[in-house]
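What follows is each chain in one-letter form.
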Amino acid sequence: MINYLKPILIFIPILIIQLVVIPLISVYEIVPQLILLLLVYYTLIGGQIYGMILGFIFGLFFDLFSNGVLGASALAMTISMFIVGYFYSENRITENISTYLFLFYLFISSVIYFLIYSEVGNFNPDTKLRVILFEGTFLPAVYTTLFGILLVVFQSKRKFEWAKILVHSQEKEFYLLS
């Protein structure tokens, strides 16, 4: 069972970081989307419907507090979490969030998000498709995935520590039984 309040409590500081700190580390106006990182994580833990609901809510709040087109992020995050939700499996939750599969899922969702957001939020008819696909979709998706490496390393380290605790407790049981 997922604690439904936890993602919202984590979302608030992530939203503040996304709006205040992340623009400061932009590279040629290309910024990562940390909210997607959080959404992919909780979609792989909670499933497709849960991820879509969170995607819509988080996207709507992101649209309200940023200067973007109202509803563009909500739509893009909902659709990208719909796609990521297909990778959800109750039997593979720890594999999905603590291995490099997470980066693959994050990259796919980032490409989908930035593609939809670039198309919906772009009002300039002179923008070329090449610019939208490369500068508006691929580069931000790679940048977002680079931030995902930190989460995977953290999850892998945490998983390794749990494995050490489990082995240590099994050794104690073995000595007690002998």
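None of the values given here were measured: they were computed from a predicted structure. (Residues numbered from 1 in each chain as written. Predicted model: local features only at pLDDT ≥ 70, side-chain atom pairs only at ≥ 80, totals over all residues. Heavy atoms only, no water.)

**A word on helix α3 (residues 48–65)**
Then step 1. Over its 18 residues, α3 extends 25 Å from the first C-alpha to the last, a length consistent with the 26 Å expected when each residue adds 1.5 Å.
Then step 2. At its buried positions, α3 is contacted by α1 (6–20), α2 (34–46), α4 (72–84) and α6 (101–121). (Helix = DSSP H or I, 4+ residues; strand = E, 2+ residues; numbered from the N terminus. Expected span 1.5 Å × (residues − 1). Contact = heavy atoms within 4.5 Å.)

**Some remarks on the environment of glycine 68**
Then step 1. Tracing the chain through its elements places glycine 68 in the loop between α3 and α4.
Then step 2. Classification of glycine 68 by relative accessible area gives partly exposed; the value is 28%.
Then step 3. As a C-alpha pair, glycine 68 and asparagine 122 span 54 residues in sequence and 10.0 Å in three-dimensional space.
Then step 4. Setting aside chain neighbours within four positions, we find glycine 68 in contact with Asp63 and Tyr117. (Buried < 20%, exposed > 50% of the residue type's maximum accessible area, 1.4 Å probe, protein only.)

**Describing the packing of aromatic side chains**
Then step 1. The full count for this structure, using the stated rule, is 11 aromatic pairs.
Then step 2. For the pair phenylalanine 87 and phenylalanine 104, a centre-to-centre distance of 6.4 Å together with 75° between the ring planes defines the contact as edge-to-face. You can see phenylalanine 87 sitting in the loop between α4 and α5 (93–98) and its partner phenylalanine 104 sitting in helix α6, a full 17 residues away along the chain.
Then step 3. Taking the relative accessible area as the measure of exposure, phenylalanine 87 reaches 28% and is therefore partly exposed.
Then step 4. Of the residues examined, phenylalanine 104 reaches a relative accessible area of 44% and is grouped as partly exposed.
Then step 5. Their ring planes at 85° and their centres at 6.1 Å tell us that phenylalanine 107 and phenylalanine 138 sit as a pair that is edge-to-face. One end of the pair, phenylalanine 107, is in helix α6; the other, phenylalanine 138, is in helix α7 (residues 129–177), and 31 residues separate them in sequence.
Then step 6. For phenylalanine 138, a relative accessible area of 38% translates into the label partly exposed.
Then step 7. Three or more aromatic residues joined by ring pairs form one cluster here, namely Phe87, Phe104 and Tyr105. (Phe/Tyr/Trp six-rings, centres within 6.5 Å; stacked < 30°, edge-to-face > 60°.)

**Some details on the packing of α1 against α2**
Then step 1. The N-to-C vectors of α1 and α2 enclose an angle of 160°; their axes lie 9 Å apart at closest approach. When the interaxial angle is binned, α1 and α2 end up roughly antiparallel. With respect to the hand of their crossing, α1 and α2 are arranged in right-handed fashion. Residue-level inspection shows Lys6, Pro7, Ile10, Phe11, Ile14, Leu15, Ile17 and Gln18 of α1 in contact with α2, the latter providing Leu34, Ile35, Leu38 and Tyr42.
Then step 2. Here the contact of α1 with α2 is built from residues that sort into 10 nonpolar, 1 polar and 1 charged. (Axes fitted to C-alpha atoms, helices over the stretch in contact; angles between N-to-C directions. Parallel < 35°, antiparallel > 145°, perpendicular 65-115°, else oblique. Left-handed = near helix turned anticlockwise from the far one by under 90°. Nonpolar A, V, L, I, M, F, W, Y, C, P; charged D, E, K, R; others polar.)

**As for unusual backbone geometry**
Leaving glycine aside, a negative phi is the common case for residues, and trans is the common case for peptide bonds.
Then step 1. Phi at tyrosine 28 is positive, roughly 50°, even though this residue is not glycine.
Then step 2. For tyrosine 28, the location among the structural elements is in the loop between α1 and α2.
Then step 3. On the accessibility criterion, tyrosine 28 (80% relative accessible area) is exposed.
Then step 4. Residues other than glycine seldom take positive phi values, yet glutamate 29 does so here, at roughly 65°.

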